[in-house]
Amino acid sequence: MAKRLRVSDRIGQIGKSAIHEMTRLSKEVEDVAFLSWAKPTSDTPEHIKEAAVAAIRDGLVGGYSENAGLPRLREEIAKKLARDNKIEADPSEVLVTVGAIEGLAAAVLAVVDPGDEVILPSPTYSTHIRQVVIASGKPVLVPTVEDDGFVLDIEAIKRAITPRTKAILYCSPSNPTGTVFSEQALRQLGEVCLEHDLAVITDEAYEYFVYDGHKHFSIASIPEMRRNVISCYTFTKTYAMTGWRIGYLHADSDLIPQIAKAHIPLAICAPVISQYAALAALQGPQDCVHSFAEHYLAARNLMCDRLDRLGSVFSYYKPAGSYLMFPRILLDAAKDSTTFCKKLLREGRVSTTPGVAFGPTGEQHLRLSFCVPEDAINKAFERMEAYFGG
Ligand SMILES: Cc1ncc(COP(=O)(O)O)c(C=O)c1O
């Protein structure tokens, strides 16, 4: 038998993605009710698509752009950062990336040496854990406080810091819990990071989807934090541009050339056609963003109403942001959330994501996505009512 090529220890450490595994298994189930993907189901707004078509016609997209991105786009991003994130940014402090994901990967590679520890408040987006492993760093998962709505546990974070701790990486609004970390908590976190000279890498992908008067706060808006923070953003969620693969990061001007040393071998530059589309997104009308947010809020409320009817099966924290939620399953059978999810898929025809995909503290939970049409939520819950009731 032919021997398999020996892969790196880094890659060997990484297991299968539960999200992709559930997607694969879901394809085997007829007429599945799909709540397992965190991607916008709306199409990209017309004016953004038209700008991309015009850029193709004008012959603008066949070559590379500057590695850091089109200057006009970086200028617009700097304006947005000042307006919406309260980060006074110069365009030279902006790097346009292949989605938030490539920005996060470049940021992690720029600050993490082999063996360095990176603190991740958990449960957290599984890709962040993998990015640390790929940089040969050590992910240190510090549980959030579920009883208070998965908020940051600052004391636990302080206790987790060792001489090898290099960075803290978090996403707020959170995937998978929908928690929006408060300004107060992030200011406390900032003080801890300054005291120990830690880098802070943020994933602010869901910054515009925040409900019930909660506010998204960017930690880089604290002037003393600027030197320590790399803030990552994306067009994917805000403008329903998942497949365009376009995002950006902001960091201090000293750090940008260092992050670019990782960005260039990873990507050279972000797709140029997508950079023109992103420019149109920032310069054009913003009502699409508001209407996505309104839709997600209505969908969240519907999902919470439907969960209330299944009170003997789930308890949950109402998400303050994102389009994801993370109910706890009250049944003993859910101790192994992967087996539970697969059974729910096969027997109930509802596709969800097992909580353990977001770290061990996620066990006994499901991640449900409400960025789906309302009838998909109703269909999934009718099936779950029949499945759990029967
Ligand atoms: C928290 C978070 N960050 C980043 C991404 C991916 O962003 P992008 O498409 O910009 O790479 C996702 C996608 O689900 C996400 O949930």
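Rules used in this analysis
Residues numbered from 1 in each chain as written. Predicted model: local features only at pLDDT ≥ 70, side-chain atom pairs only at ≥ 80, totals over all residues. Domains from an automatic or database assignment. Contact = placed C-beta atoms within 7 Å. Helix = DSSP H or I, 4+ residues; strand = E, 2+ residues; numbered from the N terminus. Nonpolar A, V, L, I, M, F, W, Y, C, P; charged D, E, K, R; others polar. Pairing = 2+ DSSP bridges. Right-handed = clockwise from strand over helix to strand, strands pointing away. Axes fitted to C-alpha atoms, helices over the stretch in contact; angles between N-to-C directions. Core = buried A, V, L, I, M, F, W, Y, C linked by C-beta atoms within 7 Å. Buried ≥ 20, exposed ≤ 12 C-beta atoms within 10 Å, placed from the backbone.

**As for the domain arrangement of the chain**
Examined at the domain level, the chain breaks down into domain 1 (9-43 + 287-389) and domain 2 (46-283). Each of domain 1 and domain 2 has a C-alpha centre, and these two points are 25 Å apart. The interface of domain 1 with domain 2 comprises 32 residues on the first partner and 35 residues on the second. Within the residue set of the side of domain 1 that touches domain 2, elements represented by two or more residues are helix H11 (287-308) and strand E10 (324-325). Element by element, the count of residues in the side of domain 1 that touches domain 2 is highest for H11, at seven residues. In terms of residue class, the side of domain 1 that touches domain 2 is made up of 18 nonpolar, nine polar and five charged.

**Looking at the pairing of strand E4 (residues 138-143)**
Pairing geometry for strand E3 (residues 117-122) and E4, over six bridges, is parallel. Bridge pairing in E4 links Ser122 to Pro143. Since E3 and E4 lie parallel, the crossover through helix H6 (residues 126-134) that links them has a hand, and here it is right-handed.

**Brief notes about the sheet that holds strand E5 (residues 165-171)**
The strands that make up a sheet are held in pairs by hydrogen bonds between backbone atoms, and each pair lies either parallel or antiparallel. Strand order across the open sheet formed by seven strands is E2-E8-E7-E6-E5-E3-E4, with mixed pairing between neighbours. Strands with a single pairing partner mark the edges of an open sheet, and in this sheet they are strand E2 (94-97) and E4. With direction set aside, neighbouring strand axes in the sheet form an average angle of 20°. Sheet topology note: the E2/strand E8 (residues 247-250) ladder contains four bridges and is antiparallel. Considered in E8, the bridge of Val96 is made with Tyr248. On top of the sheet, helix H5 (residues 99-111) reaches E2, E5, strand E6 (199-203), strand E7 (229-234) and E8; it is set at about 165° to E7, its chief contact.

**Some details on the sheet that holds strand E14 (residues 366-369)**
In space, the three strands of this open sheet follow the order E10-E14-E13, with antiparallel pairing throughout. The two strands at the open ends of the sheet, each matched to only one other strand, are E10 and strand E13 (353-354). The sheet contact formed by E10 and E14 spans two bridges and is antiparallel. Residue pairing for E14: Leu324 is matched across the bridge by Ser369.

**Points about the nonpolar core**
Core analysis: the biggest nonpolar cluster contains 117 residues, and Ala107, Val108, Ala167, Val200, Ile201 and Ile230 have the highest contact counts within it. The dominant element in this core, judged by the number of residues it contributes, is H5, at 10 residues. When residues of this core are assigned to domains, at least three map to each of domain 1 (9-43 + 287-389) and domain 2 (46-283). Discounting residues that sit within four places of it in the chain, Ala107 has contacts with Ile201, Ile230, Cys232, Leu249 and Ile259.

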